[in-house]
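Observations on the three-dimensional arrangement
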Amino acid sequence: MRMLLGLVRPSAGRAWLNGRPLPDPDGLARVGAMIEEPAFYPWLSGRRNLEVLALCGPPLPGGDAIEVALDQVGLTPVAGRKVKAYSQGMRQRLGLAASLLRDPTLLLLDEPTNGMDPAGIREFRSVLRALADGGTTVFLSSHLLAEVEQVCDRVAVLHAGRLVEEGRIAELTGEHAGLEAAFLHLTGDDGEVGDAPAPR
Amino acid sequence: MRLLRAELRKLNRPLLWGVTAAAALFCVLLAVGGSSNARQEARGGRAEAEVAAAHTAAQLDPLAAGAEAAGLMASLPGALALALLAGGHVGGEWSQRTLKNLLTQHGRRWQVLAAKLASLWLAGVGLVAACWAALAVAGPILVRVDHLPDPRQSLAEAARWAGSQVGRSLLVLAVFAMVGLLAAVLTRGTIGAMATTAGAFVTMLVVATVPSNGKWTPATWVQGWMGFPVGLRSITDLPSNFWSRFIYAGGSPPSHLLGLTGLVAMLAACGLVAVLAFQRGDVAG
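Residues numbered from 1 in each chain as written. Chains lettered and ligands numbered in written order. Predicted model: local features only at pLDDT ≥ 70, side-chain atom pairs only at ≥ 80, totals over all residues.

1. Points about the interface of chain A and chain B
Selection rule: What counts as a contact is two residues whose backbone-derived C-beta atoms lie within 7 Å of each other. Here a strand is any run of E in DSSP of at least two residues, a helix any run of H or I of at least four, and the numbering for each starts at the N terminus. Gly is placed with the polar residues, together with every amino acid not listed as nonpolar (Ala, Val, Leu, Ile, Met, Phe, Trp, Tyr, Cys and Pro) or charged (Asp, Glu, Lys and Arg).
Opposite the 20 residues of chain A that make contact, chain B presents 22 residues. Looking at which element gives the most residues to the side of chain A that touches chain B, the answer is helix 1 (residues 46-56) of chain A, with four residues. Per-class residue counts for the side of chain A that touches chain B are 17 nonpolar, two polar and one charged.

Quick look at the structure:
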């Protein structure tokens, strides 16, 4: 994901983002991203942080894009507060708001629900669903497989840096009890071939 | 310009206001000491001391105080202030892990660096303005309180003196900002950037103390370009800078032109290294 965003230089290979070969600084304008724990300038308010990020790229699609993004993630009431006073979950929401600023066609999210409370996760899920239904491609990476199962249409399983399997949830889970069981089976971590000592 | 506006908004932070207040206070305290010393020296009635006291009064003229402010900010105090700002403003992007946000919004890294440099330089110019304003307020009060003699300095002379030094300090501040930027790119952190930048300036001065280095050190280029006098004046005088005091006084300083050439070359070389290092660096964390 960092390579797609131009944060890390690939040692080999090629990649395309929205149909354009990388690196493509102009292509980032239509990509929203939240990579791991989002970080902001703690001495600025949530709204001010978004204003700064808005100035860092091309002009926003609408004059009220910041307010819309804040509203989408439910941060409008606390947008004037300094980020240093935000909880982890609020920072995650602000990170999502930042990634939505430019009305992206592609959203890259890495562990986006870290630190969010259950109500926040539920809201987050509905925001992602609405974005996907509206035509935005949401690319999400997570270790929370129950979450992935609830949110995603298609799933790719990576193990030791390699793509093990990819497909719709129903195709992957098949006869397994759920995505977690399917994942453990696909990666060989389900204990069937393992040599871990049996609990006493 | 949008990137620069973003950088300036980020600079509006407690660190900048603290450094600005400290720099202004430093200038005023220096003026208080210099003015007081000039009064005590002049009490003896010696002609030399009278001339020195008049010179101090001229330095504290509200308009000419621009030269004093520029001299101080284009020397060690300004260098250290910009080291602090470079650490917080540039190195902090790595320490606080905000760089990834910035680069995912704007993928052209050299432009990000250019905006950082321009904002740091503007902060340096702001420091000169703040120190000038503080001295312009404090100077006439000190001259009156310490009964310093009339320097018989015309408005035009004062304006020329201040304009020349402030104008020259713009290039030196750009070099200081570039050194801070390079240090931040290489060390990728707040503390590392601050320490490395401050260390670089101290090293410049140490290298310039070696007599054989003469005209070929960054410190002597600054001295030549700014026209800082060679050698130590009395420790009790109000200093026009904190730079030439540390440089070997035996040789002749480089000319304005050599100073200008050296500083421009240094600016270009540091900028090139910073851009190359930043373009090649991965952003982790």
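2. Description of the confidence of the model for chain A
Residues and elements named next belong to chain A. So the rule is basically this: Confidence per residue, as judged by the predictor, is encoded in pLDDT with a range of 0 to 100.
Chain-level pLDDT for chain A is 86 on average; 94% of the residues reach the 70-or-more range. Between the elements of chain A, mean pLDDT differs from a low of 84, seen in strand 2 (residues 20-21), to a high of 95, seen in helix 1. The low-confidence segment residues 193-200, where pLDDT is below 50, has one contact with residues more than four positions distant or belonging to other chains.

3. Description of helix 8 (residues 155-187) of chain B
Residues and elements named next belong to chain B. To keep it simple, the criterion reads: By definition here, a helix of n residues has an expected span of 1.5 Å times n minus one. Fitting one axis to the seven residues ending at a residue and another to the seven starting there, the bend at that residue is the angle between the two axes.
When the terminal C-alpha atoms of helix 8 are compared, their 47 Å separation across 33 residues agrees well with the 48 Å that a helix rising 1.5 Å per residue should span. Remark: the principal bend of helix 8, roughly 25°, maps to L170. Two residues or fewer after helix 8 comes R188, characterised by a positive phi angle close to 55°.

4. Details of the sheet that holds strand 4 (residues 106-110) of chain A
Residues and elements named next belong to chain A. Worth spelling out the cut-off: When DSSP locates at least two bridges between a pair of strands, those strands are taken to pair. In this description, a line fitted to the C-alpha atoms serves as the axis of each element, helices being fitted only across the stretch in contact, and the angle between N-to-C directions of two axes falls anywhere from 0 to 180 degrees.
If you trace the three strands from one edge of the open sheet to the other, you get 3-4-5, paired in parallel fashion. One side of each edge strand has no neighbouring strand; the edge strands of this open sheet are strand 3 (31-34) and strand 5 (137-141). Here the average twist between neighbouring strands, direction ignored, is 10°. Packed on one face of the sheet, helix 3 (residues 88-100) meets strand 3 and strand 4 and runs near 165° to strand 3.

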